[in-house]
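# Examining the three-dimensional arrangement
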Amino acid sequence: MNTRSIHFRLILWYSGLIALVSLALGAYTYHGVEVRLYAEMQQTLTRRAQQIADNILAKTPPESPQEIAAHIRALYSPEANNRFIRILRGDHSVLYVSGRPKDGMFDPSRLPLPADAHLQATRLEPLASRSRLFIVVVPVTALGHDYLIEMGTPTDGPDVALHGLIVTLLFGLPMAVLAVSAGGFLLMRRALKPVEDIRATAEQITRGNLSHRLPVSPSGDALEHLSVTLNRMLDRLEDAYEQATRFSADASHELRTPLTIMRGELESIIREAGVPAPLRERIGSVLEETERLSRITESLFAISRLDAGEAKIQHQKFDLAALAQGTAEQMLLLAEEKQIRLSIQAQQPVFIDGDAARIKQIVVNLLDNAIKYAPGGGAVWLKVSAAQHMALLEVGDNGAGIPAEVLPHVFERFFRADKARSRDFAGAGLGLAIVRSICLAHGGSVDIRSGGEGKGTVCRVELPLANGQEQKS
Ligand SMILES: Nc1ncnc2c1ncn2[C@@H]1O[C@H](COP(=O)(O)OP(=O)(O)O)[C@@H](O)[C@H]1O
Ligand SMILES: [Mg+2]
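Here the structure is a predicted model, which is why all the values come from computation and not from measurement. (Residues numbered from 1 in each chain as written. Chains lettered and ligands numbered in written order. Predicted model: local features only at pLDDT ≥ 70, side-chain atom pairs only at ≥ 80, totals over all residues.)

## Here's the deal with the nonpolar core
In this structure, Leu 320, Ala 324, Leu 366, Leu 367, Ala 370, Ala 391 and Val 435 are the most contacted members of the largest nonpolar core, which totals 49 residues. When residues of this core are traced back to their parent elements, those giving at least two are α5 (277-307), α6 (320-330), α8 (356-373), β9 (379-387), β10 (390-397), α10 (431-441), β11 (445-450) and β12 (457-464). Ranked by residues supplied to this core, first place goes to α8 with 8 residues. Residues lining this core come from more than one domain, with at least three contributed by each of domain 2 (222-307) and domain 3 (316-472). Aside from chain neighbours lying at most four places away, what touches Ala 391 is Leu 320, Val 350, Ile 352, Ala 386, Leu 463 and Leu 465. Membership of the second largest hydrophobic core comes to 21 residues, among which are Ile 52, Phe 84, Ile 87 and Tyr 147. (Core = buried A, V, L, I, M, F, W, Y, C linked by C-beta atoms within 7 Å. Buried ≥ 20, exposed ≤ 12 C-beta atoms within 10 Å, placed from the backbone. Helix = DSSP H or I, 4+ residues; strand = E, 2+ residues; numbered from the N terminus. Domains from an automatic or database assignment. Contact = placed C-beta atoms within 7 Å.)

Laid out in structure tokens, this is it:
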């Protein structure tokens with residue numbers, strides 16, 4: 001569980017708050033119930049004391065305590081009911097006191113007399129067991145005599161009820177907090193689902209499909225605003241990207257014609273009779289550079305059109321293995337010049353759907369690099385295979401490799417790891433950019449791996465297999 005996530009922190013705060021509120025509510029409930037129970041007990045006892053005054057003391061004079069005792073026993077039988085009753089005269093001498101209750105919880109004769117100085121209406125006497133005796137003291141006057149009537153009852157009843165309440169709260173409240181937290185988690189997940197949707201869609205938007213937009217739910221809240229704002233940003237991004245590709249497409253397109261004319265002119269000058277040999281040599285060198293410029297321009301034009309999705313991709317089904325094999329054989333001479341062993345593994349036919357001329361360009365560019373960067377006497381291999389829904393074309397060499405820090409850039413236009421050296425090879429750093437553009441235009445992908453400097457390089461191209469090819473392979 002991610003403890004720093006917004007989910008976790010919100011739930012934590014939320015549960016903490018709920019726990020606090022339920023704790024306060026629990027304490028409040030407990031206190032309220034306690035007050036109520038004791039108040040009721042007090043009322044009942046006071047009423048009984050009043051009854052004793054009205055029914056017994058008002059009819060029997062204090063001179064006959066036996067009679068009073070008999071009356072009380074007959075009417076209330078305090079011993080059988082675990083009650084405590086004591087009647088004091090005005091001078092606090094005991095007129096009557098009930099006997100030991102049947103469960104023997106307390107001894108009435110030992111209970112202290114109420115303190116005279118500040119007579120309290122109720123008091124609690126601790127008992128031997130955990131229970132206490134709740135006593136109300138009621139002053140009454142009957143037949144012209146003052147009395148204090150004490151009525152008491154053990155607090156077992158309310159204590160049991162309060163204990164039950166505590167148990168209920170202790171189990172119930174955590175359960176409630178748990179349930180509310182779980183509910184909160186689900187609600188939060190629901191509330192954050194649109195954010196997750198936006199994220200998932202944003203994840204899918206890449207260079208290739210800048211035209212995708214985020215889902216906008218018309219909720220009028222921050223999430224709608226966020227999607228709308230992000231979509232506007234994507235509009236601007238798409239515009240900028242389109243302009244950039246448009247620019248290089250236009251620029252390279254505009255350069256083609258003058259370059260062609262220049263090449264034509266230079267060629268015709270060289271062919272002209274009477275041009276002195278040194279001049280011819282220099283014009284030849286200019287012609288070479290012009291041809292190089294033409295190639296770069298053509299490549300740039302091709303990339304821009306592929307990236308802009310303008311280039312028409314011919315769709316025909318053909319055998320990639322055969323194409324790769326044929327192309328590699330054509331390049332054998334190049335390898336032999338450097339005494340490089342070129343091994344080809346492409347026996348099984350692997351059919352793909354696409355533009356054969358462009359796919360051939362991929363093979364040429366990759367083999368060209370491998371041969372270029374493998375050491376003299378080194379080895380280059382090419383392999384075509386099929387896996388799941390993809391055709392695999394791999395080209396590897398045992399050359400100098402590519403340093404890890406430049407590896408992510410090799411597919412960029414005009415990128416060359418070692419500019420001084422590459423220039424000798426007449427490379428402009430567009431070869432891999434073309435490979436990638438063609439792969440993307442065919443719904444495939446390309447990646448390059450190198451064990452690092454001196455460990456060789458493997459370039460791996462994945463292209464979708466032609467329909468029906470999956471089952472066969
Ligand atoms: N097989 C390879 N071995 C080592 N470096 C390579 C290999 N393939 C490509 N590179 C590096 O990637 C850069 C870009 O390659 P590429 O786009 O084909 O441009 P170019 O071949 O014109 O230099 C090269 O300049 C080189 O530094
Ligand atoms: Mg190259």
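Continuing now.
## Some points on the domain arrangement of the protein
It is common to give the size of an interface as the accessible area that goes away when the parts come together. Here the protein is partitioned into domain 1 (6-161), domain 2 (222-307) and domain 3 (316-472). Measuring from the centre of the C-alpha atoms in domain 1 to the corresponding centre in domain 3 gives 99 Å.

## A closer look at the environment of Ser 64
Considering the arrangement of structural elements, one finds Ser 64 in the loop between α1 (6-57) and α2 (65-76). Expressed as a C-alpha distance, the spacing of Ser 64 and Leu 210, which sit 146 residues apart in the sequence, is 109 Å.

## Here's the deal with unusual backbone geometry
In this structure, Ser 77 takes a positive phi of about 30° despite not being glycine. Although it is not a glycine, Gln 388 adopts a positive phi angle of roughly 50°. Mapped onto the elements of the fold, Gln 388 is located in the loop between β9 and β10. Taking the C-beta count within 10 Å as the criterion, Gln 388 has 9 such neighbours and is therefore assigned exposed.

## Brief notes about the site of ligand 1
For ligand 1, the set of nearby residues contains 22 residues, the closest of which are Tyr 373, Ala 417, Gly 427, Gly 431 and Leu 432. Put simply, the parts of the chain that give the shell around ligand 1 at least two residues each are α8 and α10. Of the residues forming the shell around ligand 1, the biggest block, 4 residues, is contributed by α8. Residues belonging to the shell around ligand 1 are distributed by class as follows: 11 nonpolar, 8 polar and 3 charged. (Near = placed C-beta within 6 Å. Nonpolar A, V, L, I, M, F, W, Y, C, P; charged D, E, K, R; others polar.)

## Observations concerning the packing of α5 against α10
Contact geometry for α5 and α10: axes closest at 9 Å, N-to-C directions at 30°. With respect to each other, α5 and α10 are oriented roughly parallel. Here α5 and α10 pass one another in a crossing that is left-handed. Together, Ser 299, Ala 302, Ile 303, Leu 306 and Asp 307 of α5 and Ala 433, Ile 434, Ser 437, Ile 438 and Ala 441 of α10 make up the contact between the two elements. For the contact of α5 with α10, the residue count by class is 7 nonpolar, 2 polar and 1 charged. (Axes fitted to C-alpha atoms, helices over the stretch in contact; angles between N-to-C directions. Parallel < 35°, antiparallel > 145°, perpendicular 65-115°, else oblique. Left-handed = near helix turned anticlockwise from the far one by under 90°.)

## Observations regarding the packing of helix α3 (residues 156-204) against helix α4 (residues 222-271)
Two quantities define a packed helix pair, namely the angle between the helix axes and the distance between the axes. Across the interface, α3 lies against α4 with an axial gap of 10 Å and an inter-helix angle of 10°. In terms of orientation, α3 and α4 fall into the roughly parallel class. Of the two possible hands of crossing, α3 and α4 adopt the one that is right-handed. Between α3 and α4, the residues in contact are Pro 194, Val 195, Ile 198 and Ala 202 and Leu 223, Leu 226, Ser 227 and Leu 230, respectively. For the contact of α3 with α4, the residue count by class is 7 nonpolar, 1 polar and no charged.

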